[in-house]
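# Observations on the model geometry
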Amino acid sequence: MSIAAAIDTGGTKIVGAAVDDSGKILKEIRVPNTERDGGFILRTYMDLVKTLQEEYSITAIGIGAGGRLDEEKGTVLYAVDIYRNYIGLEIKARMEEAFGLPVRITNDCRAAVLGEQWLGAAKGCRNIFGIILGTGVGGGYYSDGRMIGGVRGGTGEIGHAILHRGGRKCLCGQQGCVEQYISGTALWSIYRERCPESQITSGYEFFELYRQGDTNAVRVLEGFVEDLAECAVNCGNLFDPEMILIGGGLSDTAEYWWEALLKTYEALGNVHTRRIPLVRAECGNRAALLGAARIAFGEWEPGSVWSW
Ligand SMILES: [Zn+2]
């Protein structure tokens, strides 16, 4: 049995786990992602792996990292977030130097899609488009058994497709990006724009208001459903996958919006997209860890793809 150190980098936390080659998570450690700094992120990765090594014989390291990456070189090409000292970070080289183990990296949202394809809702599927809803919005395009990377590491970056022209400003420099409407951050931010007196600062607080029947929260969630459905229809038309997978931390709240989403998706789509099912992720916040473990056990193929 081989054991990988798998890391998932979220907007609010960095999680490290020891994962065996059957996908069993043996131990999980969470660290708040507070400093938004490349140096902090790299130190945290190293600390997590060192801690896991105290208990397990780690044979490889897989990392789901934020931003657009050169997955072959293991470096950060571009990130829209507010991280300092992050673009250009040589994650693979620095980690390999520190541990003397093979290190592979992929985008955190792609890792989530790979995890679901390995052991979750998309198990065994050969063609998936994944929309990953978390603090931000990302995606992954898995085609004919391969995760497609893109020339600049950007394939599947649905979060920066423009959904509302001239709309909310995005950190990437565009206006009206998907991420500004259907992310956890968007839910509470849009709520605050409607209710300037509100002090909420998290998706968790937003859903507390929703559960209490707050009219504005209900309206914001209706808008979220319409935007997500539109996004899914566009992905169906663009990629023609076996399924559109909806995952990420925000999918844990799907009990509040899944039925409405299916209805709106059906209503907005065409005869073609109606044949493409929307599927809710099953692995929750373990998906990206599983995907990261999987790339640690996998092989790189030239052409910016992971394949199995
Ligand atoms: Zn954007």
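Residues numbered from 1 in each chain as written. Predicted model: local features only at pLDDT ≥ 70, side-chain atom pairs only at ≥ 80, totals over all residues. Heavy atoms only, no water.

### Looking at the coordination of the zinc ion
Threshold: In this listing, donors mean N, O and S atoms no farther than 2.8 Å from the metal, or 3.2 Å for Na, K and Ca; water is missing from the atoms, so a site can look incomplete. Geometry is assigned from donor-metal-donor angles: four donors are tetrahedral when every angle falls between 85 and 135 degrees, four are square planar and six octahedral when opposite donors sit over 155 degrees apart with all other angles between 65 and 115, and any other arrangement is irregular. Under the scheme applied here, a residue whose accessible area is under 20% of the maximum for its type counts as buried, over 50% as exposed, and between as partly exposed, the area being computed with a 1.4 Å probe on protein chains only.
Looking at the zinc ion, the protein donor atoms are H160 (ND1), C170 (SG), C172 (SG) and C177 (SG), and they sit 2.0 to 2.3 Å from it. Seen from the zinc ion, its four donor atoms lie at angles of 105 to 121°, and the figure they make is tetrahedral. Using a relative accessible area of 12% as the deciding quantity, one classes H160 as buried.

### Looking at the domain arrangement of the protein chain
The test is simple: Domain delimitation follows an automatic or database domain assignment. Note on contacts: a residue pair is in contact if any heavy atoms of the two residues lie within 4.5 Å. The term salt bridge refers to a pairing of a side-chain nitrogen on Lys or Arg with a carboxyl oxygen on Asp or Glu at a separation within 4 Å. We define a polar contact as two N or O atoms separated by no more than 3.5 Å, with the added condition that, inside protein, one atom must be a possible hydrogen donor and the other a possible acceptor, whereas residues neighbouring each other in sequence contribute only through side-chain atom pairs. Numbering of helices and strands runs from the N terminus, with a helix taken as a DSSP run of H or I at least four residues long and a strand as a DSSP run of E at least two residues long.
Domain assignment breaks the protein chain into domain 1 (3-108) and domain 2 (121-282). Between domain 1 and domain 2, the C-alpha centre-to-centre distance is 25 Å. Every contact between the two is made by eleven residues of domain 1 and, on the other side, nine residues of domain 2. For the pair domain 1 and domain 2, the interface holds one salt bridge. One salt bridge connects R68 with E157, and the closest N-O pair in it is separated by 3.7 Å. Along the contact surface separating domain 1 from domain 2 lie zero residue pairs in polar contact (both at pLDDT 80 or more). Elements supplying a minimum of two residues to the side of domain 1 that touches domain 2: β5 (68-70) and β6 (75-78).

### Topic: the pattern of salt bridges
One pass over the full model with this rule turns up eleven salt bridges. A salt bridge links D144 to R126; its shortest N-O distance comes to 3.6 Å. Here R126 lies in the loop between α3 (108-119) and β8 (128-133) and D144 lies in the loop between β9 (137-143) and β10 (146-148), a separation of 18 residues in the sequence. Across the pair E208 and R211 runs a salt bridge whose closest N-O atoms are separated by 2.7 Å. Here R211 and E208 lie together in helix α6 (residues 203-211), a separation of three residues that amounts to about one turn.

### Remarks on the nonpolar core
To keep things clear, this is the line we draw: Nine residue types can take part in a nonpolar core, namely buried Ala, Val, Leu, Ile, Met, Phe, Trp, Tyr and Cys, and a core is a set of them joined through side-chain atoms within 4.5 Å.
Counting 40 residues, the largest nonpolar core has I131, L133, F224 and W257 as its most contacted members. Of all the secondary structure elements, the ones that give two or more residues to this core are β8, β9, α4 (179-182), α5 (184-194), α6, α7 (215-239), β11 (243-247) and α8 (258-268). Of the residues forming this core, the biggest block, eleven residues, is contributed by α7. Not counting residues within four places of it along the chain, the set of residues in contact with I131 comprises V137, G138, I158, L228, A232, C235, I244, L245, I246 and G247. By size, the runner-up hydrophobic cluster in this structure holds 32 residues, among which are A112, V113, M147 and A293.

### Section: unusual backbone geometry
Notably, N85 is not glycine yet its phi reads approximately 55°, a positive angle. Despite not being glycine, D144 shows a phi value in the positive range, around 50°. For D144, a relative accessible area of 52% corresponds to the exposed category.

### Details of the packing of aromatic side chains
For the record, the criterion: Only Phe, Tyr and Trp rings take part, Trp by its six-membered ring, and two of them pair if their centres are within 6.5 Å. Stacked means planes under 30 degrees apart, edge-to-face means over 60, and tilted covers everything else.
Applying the stated rule across the entire model yields ten aromatic pairs. Ring plane angle 35° and centroid distance 6.4 Å describe the contact between F129 and Y141, whose orientation is recorded as tilted. Here the residue F129 occupies a position in strand β8, and Y141 occupies one in strand β9, the gap between them amounting to twelve residues. Owing to a relative accessible area of 1%, F129 belongs among the buried residues under this scheme. Judged by relative accessible area, Y141 falls into the buried class, the value being 17%. Judged by centre distance (6.4 Å) and plane angle (70°), the rings of F207 and Y210 are edge-to-face. You can see F207 and its partner Y210 sitting in helix α6, three residues apart, about one turn around the helix. The buried category is assigned to F207, whose relative accessible area is 4%. Linked through ring pairs, Y191, F206, F207, Y210 and Y256 together constitute an aromatic cluster.

### Some remarks on the sheet that holds strand β2 (residues 13-20)
Stated formally: Pairing between strands is defined by DSSP: at least two bridges between the two strands are required. Axis definition: a line fit to C-alpha positions, over the contact stretch in the case of helices; interaxial angles, taken between N-to-C directions, run 0 to 180 degrees.
Here we have five strands laid out as an open sheet, ordered β3-β2-β1-β4-β7, and mixed in their pairing. Both edges of this open sheet fall to β3 (25-32) and β7 (103-107), since each of them pairs with a single strand only. Strand-to-strand twist in this sheet, taken as the mean axis angle between neighbours without regard to direction, amounts to 15°. Inspection of the sheet shows strand β1 (residues 3-9) paired to β2 by seven bridges, in the antiparallel sense. Of the residues in β2, the one forming a bridge with A4 is V19. Seen against the sheet, α3 touches β1, β2, β4 (60-65) and β7 and runs at an angle of roughly 100° to β7. Helix-sheet contacts for helix α9 (residues 287-297) involve β1, β2, β3, β4 and β7, and the interaxial angle to β1 is about 135°.

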